[in-house]
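Report on the structure
Listed below are the residues making up each chain.
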Amino acid sequence: MSDKIFNGLNDKQIEAVKALKGPVLVISGPGSGKTKCLTHRTANLISNSVRPENILCLTFTNKAADEMQERIGHLLGRKYPTNLRWQFINPYVPLIGTFHSVCLKILRREIEILGYGRNFNVLDGDDQTALVKRIMNDIEIDTKRYNPRIILSKISGLKTELISPDNAPKNDFYSQLVARVFSQYQHQLKKMNALDFDDLISFTVQIFKTRPDILEKYQDIWQYVLVDEYQDTSHDQYQLIKLLSQKNKNIFCIGDDAQSIYQFRRADIRNILNFQKDYPEAEIVMLEQNYRSTKNIIAAAQEVISKNKSQISKELWTENDHGHKILIKETLNERGEANFVVQNIVNLANNGKSLNDFAVLYRTHAQSRAIEEALISHGLPYHIVGGIKFYERKEIKDILAFLKFINNPADAISFERIINIPPRGLGNAVLEKVSQKNESNIVEAMAQIIDDGLAPKQTNSLKAFRNLILDLRNRAATEKLTQLIKHVIEKTKYEEYLKSLSETKLAYENLEERSENLRELLTVAKKYDAAGNPSQDEETGLAKFLAEIALLQENPVADEVAQKVTLMTMHASKGLEFPNVFIVGMEEGLFPQNRAIIDPKELEEERRLCYVAITRAKERLILTHTKYRSIYGSTESNLPSRFIGEIPAHVADYKFFDFGNDEETINYL
DNA sequence: CTGTCGTTTATTTTT
DNA sequence: TAAACGACAG
């Protein structure tokens, strides 16, 4: 066992893996074997007689949690029964989960002391925006003048800083406005017995702070806490970790301040920069050896990131070859850029490279279009990571809204979504009446409105809708989840509705794909068919499904058979690697973005993003910029990105646009 | 309530 | 450029 744990590790990695007690911070450069370090250290704990159930491992994504689970199991050579995996205290495996999913589990047990019911709902981002909008309309704040999404983001900012509506700053008009919406927002959530993502964390912290007895219970369960991607933790997550590890002080954090690219999402880089201040006795390990990239790529990355001021100083190095020089190419415009990229892919692919070996990275999604067009015209298959997410598709959200409303008749957000889907002649008029009723059970409110009387047409329609919901609710109590979903689709005539949508010129998205998505939803749901019956305190398959779905916003992974070029934003590329990486749009104003140019803090974040993007490449790195680019319809001329200038000249080849010789001239003339 | 037409606005987004 | 939103007429 111990052989297996230390085999193939370098000295620094071994040092980290052997650091079992007390606070430990591991700074892990890109490609330095971070996951290996985390998993082997966890395995080492277990082989040193720490019980798996006493270990908690926190990640940011489900994907990271799954991967770690898989690798630890593999390392320990045990096949754990997967159905036990999500059990709260599991004698076989450490609890490995996202911050949000772990807090969800805690709150399912403890939330009653905050006056919420245990079966609370979790709102997704769209639900939140919808709620803020509704509140702003209710309290008569002009949503045109004050962007609800910005208000929501301010509210979310306050929540991550653990500030309650009462304590929200009210020193100017705008902050007063935010505070007013915030207060209503929390009120409405409570009425719906719903939590947003921020609440999952902050409520847990709140309980831990006010109830030392409860906190201690969890401290005794999780005597060892591990945190992945520590540079991305926000203030509330920081507090959570701090509280949990206060008693035993066995806190192991791993991350890389140079790869912190989510400050716009309230990641607080000070958490990692100040770790030593928080824990003066902390052991610090630096993983600086890179196993991924060539020397040239590492030199470029290192030189770029060195221009940042606030960082933990470190030097990436590698034993790999120097490899190819970094190719920096100027083209006439974005079409030329796209053709250049695709032409290079074609050439390399003809030399036997798999299309899976290529990634094209860009700063904004809008840039994908030109690349896609070029790929299509060359007949190369591709897939885009990110973009429209599965659970954000209209048809999925519609069906989920039905399920949520069936599950929780107080869910006003879902009710609002489905009341007229498919169109049944109900809308604002009914919504108004419902909110006047001040009755949190909306099925009840509907009955009252029917009694009060409406226009005959509407009354009938509302009756039919209410009966539909009642019928579905009855079914929910007895049927398996997939059966229930099939009934929702059937009884609402949802497929017919989709068909009618696809006939109007607006809905150019094809019907086939949407039906396919519904089938995919059924596939996901199938896993919950076996889950508990609605007896006792066991959750129903439906409730379990809804709770987990809310925390699972990624696309269900399709089994990739065909080879494809990968397109994605630089943000989405974090954690991935490809033999050949193209970074397009290396221009001032685009990357770094205009707004980052005037703000040193934001510029540093852009530079870290550049560092992340560069270090995705294993063998070949190609950067492109254009003389002219059309942005929002007008053509602009940008200077090459300063980041290009920061790459040492001796590791790069520069190719300038050659009018008359470059292929794009032909397109241009 | 529904569809159409003009107006507005424009990152990144693990949960 | 284009998608998304809100105002207004049917």
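Residues numbered from 1 in each chain as written. Chains lettered and ligands numbered in written order. Predicted model: local features only at pLDDT ≥ 70, side-chain atom pairs only at ≥ 80, totals over all residues. Heavy atoms only, no water.

- If you check an unreviewed UniProt entry, chain A appears there as DNA 3'-5' helicase.
- Annotation of chain A in UniProt includes, under Sequence similarities (unreviewed entry), the sentence "Belongs to the helicase family. UvrD subfamily." (UniProt positions renumbered as here; feature names shortened; annotations may be inferred.)

**Remarks on the packing of aromatic side chains**
- Applying the stated criterion across every chain yields a total of 15 aromatic pairs.
- Pairing Phe591 with Phe643 gives two aromatic rings, centres 5.1 Å apart and planes at 65 degrees, and the pair type is edge-to-face. Of this pair, Phe591 sits in the loop between β15 (578-583) and α26 (594-597) while Phe643 sits in helix α28 (residues 642-645), and the two are 52 residues apart along the sequence.
- Using a relative accessible area of 0% as the deciding quantity, one classes Phe591 as buried.
- Chaining the aromatic ring pairs together yields one cluster made of Tyr146, Phe173 and Tyr174.
- Here the basic side chain of Lys18 rests over the ring of Phe6, its NZ or CZ set 5.3 Å away from the ring centre.
- A cation over an aromatic ring shows up here: Arg108 above the ring of Phe120, its NZ or CZ 4.3 Å from the ring centre. (Phe/Tyr/Trp six-rings, centres within 6.5 Å; stacked < 30°, edge-to-face > 60°. Helix = DSSP H or I, 4+ residues; strand = E, 2+ residues; numbered from the N terminus. Buried < 20%, exposed > 50% of the residue type's maximum accessible area, 1.4 Å probe, protein only. Lys NZ or Arg CZ within 6 Å of the ring centre and 35° of its normal.)

**Details of the state of the cysteines**
- In the structure shown here, the tally under the stated rule is zero disulfides.
- Take Cys37: it sits in no disulfide, and the sulfur closest to it among the cysteines is that of Cys57, at 11 Å. (Disulfide = S-S within 2.5 Å.)

**A few points about the side chain of Asn10**
- Looking at the secondary structure, you find Asn10 in the loop between α1 (2-6) and α2 (11-18).
- The class for Asn10 is buried, based on a relative accessible area of 15%.
- Within the local environment of Asn10, its side chain forms a polar contact with the backbone nitrogen of Lys12, the two atoms lying 3.1 Å apart.
- Within the local environment of Asn10, its side chain forms a polar contact with the backbone nitrogen of Gln13, the two atoms lying 2.8 Å apart.
- Discounting residues that sit within four places of it in the chain, Asn10 has contacts with Gln289 and Tyr291. (Polar contact = N/O pair within 3.5 Å; in protein donor to acceptor, adjacent residues only side chain to side chain. Contact = heavy atoms within 4.5 Å.)

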